[in-house]
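# Reading the structure
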Amino acid sequence: MNVSMVSEHASPLAALGGVDAGGQNVHVAALSAALASRGVQVTVHTRRDDPELPRYVRHGAGVRIDHVPAGPACYVPKDELLPYMDGFAAELHRQWQCRRPDIVHAHFWMSGLAALRAARPLGVPVVLTMHALGVVKRRHQGRKDTSPPARIPLERRLVADVDQLVATCTDEVFELIRMGAPRRRISVVPCGVDLSLFTVEGRQSPTNDPTSPTNGSASPTNGPELTTNGPAERVRLLSVGRLVERKGVGNVISSLPLLPRAELVVAGGPAPAGIDHDAEVGRLRRLATELGVADRVRFLGRVDHGDLPALYRGADIVTCVPWYEPFGIVPLEAMACGVPVVASAVGGLVDTVVDGLTGLHVPPRSPERIAEALAELIDDPGWRLELGAQGARRARSLFSWDRVAALTLAGYERLAARGPARLGAPDLPAGV
Ligand code: UDP
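Given the structure is predicted, the values throughout are model-derived calculations rather than measurements. (Residues numbered from 1 in each chain as written. Predicted model: local features only at pLDDT ≥ 70, side-chain atom pairs only at ≥ 80, totals over all residues. Heavy atoms only, no water.)

### Focus on empty space enclosed by the protein
Where we set the bar: Cavities and pockets are defined on a 1 Å grid built over the protein atoms alone: a cavity is a set of grid points where a 1.4 Å probe fits but cannot escape, while a pocket is an open set with protein on both sides within 12 Å along at least five of seven lines, and lining residues are those with an atom within 4 Å of any such point. Grid points are joined across faces, edges and corners, and a volume is the space filled by probe spheres set on the points. Under the scheme used here, helices are H or I runs from DSSP no shorter than 4 residues and strands are E runs no shorter than 2 residues, and both carry numbers assigned from the N terminus.
A full pass over the atoms with the stated rule returns one cavity of 30 Å³ or more. What lines the largest cavity is H27, L31, H105, T129, V166, T168, V189, P190, V404 and T408. Broken down by secondary-structure element, the contributors of at least two residues to the lining of the largest cavity are helix 1 (23–36) and helix 14 (401–417).

### Quick look at the layout of surface pockets
For clarity, the cut-off: Residues were grouped as follows: Ala, Val, Leu, Ile, Met, Phe, Trp, Tyr, Cys and Pro as nonpolar; Asp, Glu, Lys and Arg as charged; and all remaining residues, including Gly, as polar.
As a volume, the second largest pocket reaches approximately 560 Å³. As for the second largest pocket, its lining consists of 29 residues, and the residues nearest its centre are A14, A15, D20, A21 and Y75. Within the lining of the second largest pocket, the residues separate by chemical class into 13 nonpolar, seven polar and nine charged.

### Some remarks on the sheet that holds strand 12 (residues 317–320)
Quick reminder of the rule: The pairing criterion for strands is at least two bridges between them, as found by DSSP. Orientation is described by axes fitted as lines to C-alpha atoms, over the contacting stretch for helices, and by angles from 0 to 180 degrees between their N-to-C directions. Contacts are residue-level and defined by heavy atoms, with any inter-residue pair within 4.5 Å sufficient.
With respect to topology, six strands assemble into an open sheet ordered 11-10-9-12-13-14, the strand pairing being parallel. A strand with exactly one partner marks an edge of an open sheet, and here the two such strands are strand 11 (297–301) and strand 14 (359–362). In this sheet, adjacent strand axes meet at a mean angle of 20 degrees when their direction is disregarded. Contacting strand 9 (235–240), strand 10 (262–267), strand 12, strand 13 (341–344) and strand 14, helix 12 (residues 367–378) crosses the sheet at an angle of about 165 degrees to strand 14.

### Considerations on the site of the ligand
The cut-off we apply is this: Think of it this way: one heavy atom of a residue within 4 Å of a molecule or strand is enough to make that residue near it. Contacts described as polar in this section are N or O atom pairs within 3.5 Å, which, within protein, must combine one atom able to donate a hydrogen with one able to accept it, while residues neighboring in sequence count only if both atoms come from side chains. Note that accessible areas follow from Shrake-Rupley with a 1.4 Å probe, and for residues the cover is restricted to the protein chains shown.
The environment of the ligand is made up of 20 residues, and the closest members are G23, R242, K247, H305 and E333. Taking V330, its main chain carries an N or O atom lying 3.1 Å from an oxygen atom of the ligand. Between an oxygen atom of the ligand and a side-chain N or O atom of E333, the distance comes to 2.6 Å. Out of a free accessible area of 550 Å², the ligand has 95% covered by protein chains. Those elements giving two or more residues to the shell around the ligand turn out to be helix 1 and helix 10 (330–336). Split into classes, the residues belonging to the shell around the ligand amount to seven nonpolar, seven polar and six charged.

### Section: the nonpolar core
The cut-off we apply is this: Nonpolar cores are built from buried Ala, Val, Leu, Ile, Met, Phe, Trp, Tyr and Cys residues. Side-chain atoms within 4.5 Å join them into one set. Burial classes: relative accessible area under 20% of the type maximum marks a residue as buried, over 50% as exposed, and values in between as partly exposed (1.4 Å probe, protein chains only).
By size, the foremost hydrophobic cluster in this structure holds 57 residues, and its most contacted members are M5, L35, V193, L238, Y312 and Y412. The biggest single contributor to this core is helix 1, with seven residues. In contact with V193, other than residues within four places in its own chain, are F198, L332, E333, A336, A395, F399, S400 and W401. Counting residues in each nonpolar core, the second largest holds 46 residues, with V6, V68, A89 and V159 among its members.

### A look at helix 12
Rules: Multiply 1.5 Å by the residue count of a helix minus one, and that product is the helix's expected span. Our arc is simply the arc of the directions from the helix axis toward the C-beta atoms.
The end-to-end C-alpha distance of helix 12, which contains twelve residues, comes to 16 Å, matching closely the 16 Å that a straight helix rising 1.5 Å per residue would cover. Within the span of helix 12, buried status applies to P367, I370, A371, A373, L374, L377 and I378. Projected onto a plane normal to the axis of helix 12, the buried residues spread over an arc of 170 degrees and lie on a single side.

### Examining the pairing of strand 11
Note the threshold: A crossover counts as right-handed when, viewed with the strands pointing away from the observer, the path leading from the first strand over the helix to the second turns clockwise.
Burial runs high along strand 11: five of the five residues are buried. Taking every second residue as pointing to the same face, both faces of strand 11 are buried, with V297, F299 and G301 on one and R298 and L300 on the other. Examined bridge by bridge, strand 10 and strand 11 share four bridges and lie parallel to one another. What sits directly across from V266, in strand 11, is F299. Traced from strand 10 through helix 8 (residues 279–290) to strand 11, the parallel crossover comes out right-handed.

### Structural notes on the sheet that holds strand 2 (residues 41–47)
Taken in spatial order, the eight strands line up as 3-4-2-1-5-6-7-8 in an open sheet, and their pairing is mixed. Every other strand in the sheet has two partners, leaving strand 3 (56–58) and strand 8 (186–188) as the edge strands with one partner each. For this sheet, the mean angle separating the axes of adjacent strands, direction not counted, is 25 degrees. In terms of strand pairing, strand 2 meets strand 4 (residues 63–68) through six bridges, oriented parallel. Residue pairing for strand 4: T46 is matched across the bridge by H67. Contacting strand 1 (2–6), strand 2, strand 3, strand 4 and strand 5 (103–107), helix 2 (residues 85–98) crosses the sheet at an angle of about 155 degrees to strand 2.

This is the structure we're talking about:
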């Protein structure tokens, strides 16, 4: 089978942790690799955002990255990419006329637009994973939502029109149905976690190594080395992810005055050298200072993906308390490393973290409830170990990328067996 992945802003080759590079990049890279190891030929089409990038790059056996020229060859925030999607679609159409894929699998709404425009006139079936929904973002971010105004109406048309929708969690199914997606075209396939990288056994970032730097900056070869600033019995909380307000790191900081034994390590955001100039780091540092906990919060900046397992294993508890979360790969990575997770009960975290079994659920935006849950775990190291061990078992049995690829492939095969997809122009307004 020959599959074209479309991921307009999220390249498998991007450095993770920046504002627009996170779970989708990991998802597209890992799913493509896992499909390739099942014999599928995969091309990932992503926007060329650097003039140095060659047009085609091999990315492991069976996966090829195509850097599609559309818009300026530099970073453009994803919320400003819509005007370039017509050009992106035209380029895809030109290629697919010569080498027709069996399935097109688009990731994120703008990729969906480009994919549908390019594939429908050729009768190629289009699968769409939304990764995030405009209506949900608007609900939670209100006027801070920088998505283009056309996003929500265009997403409604897309979900009604594509041949198959892949929801990554059950919560998303309800959202999609409310948006008008036909239930029979929705399947649920979760994201996965790299179980060869994220393991229980292995090196840990030391908790109290007097030889390591105290600022926690990431070293490229050995990963971040950390040392506690205070007493040895301190409990380390870890937050990993893009540093955007809705990820809830501020809520964890607000819980710290109630948790005198806890220190918080934050991975994600700009490269370590840029931390002091980052607006979100500045906001969070001011909050920590106001609350008198600044000496217990450390920002590492972006940490290489390969260095994260040691960081997870060196943590006692991973906090993952976003206001909303389409899926959330971070809790799975923590679970795979045997670390309990305190997670807000939203989106994909309702499916991945099992309350009382692999971690604890808390309501979003609730520092008091976060503090309560963390206090229970801080006071009970034996329970932490139990939850961690159950988490590792759950991650292994349900969330390997191989299982995710098998489920995805079964969906592609069902779609291909239905015969040629609808032909013609998609039900989208012209010129978006
Ligand atoms: N990540 C990373 N380094 C960082 C911060 C994040 O490698 O400094 C990775 C993290 O390990 C995870 C992904 O970025 O695989 C974030 O995915 P998630 O689904 O949790 O959040 P999203 O970014 O999609 O909102």
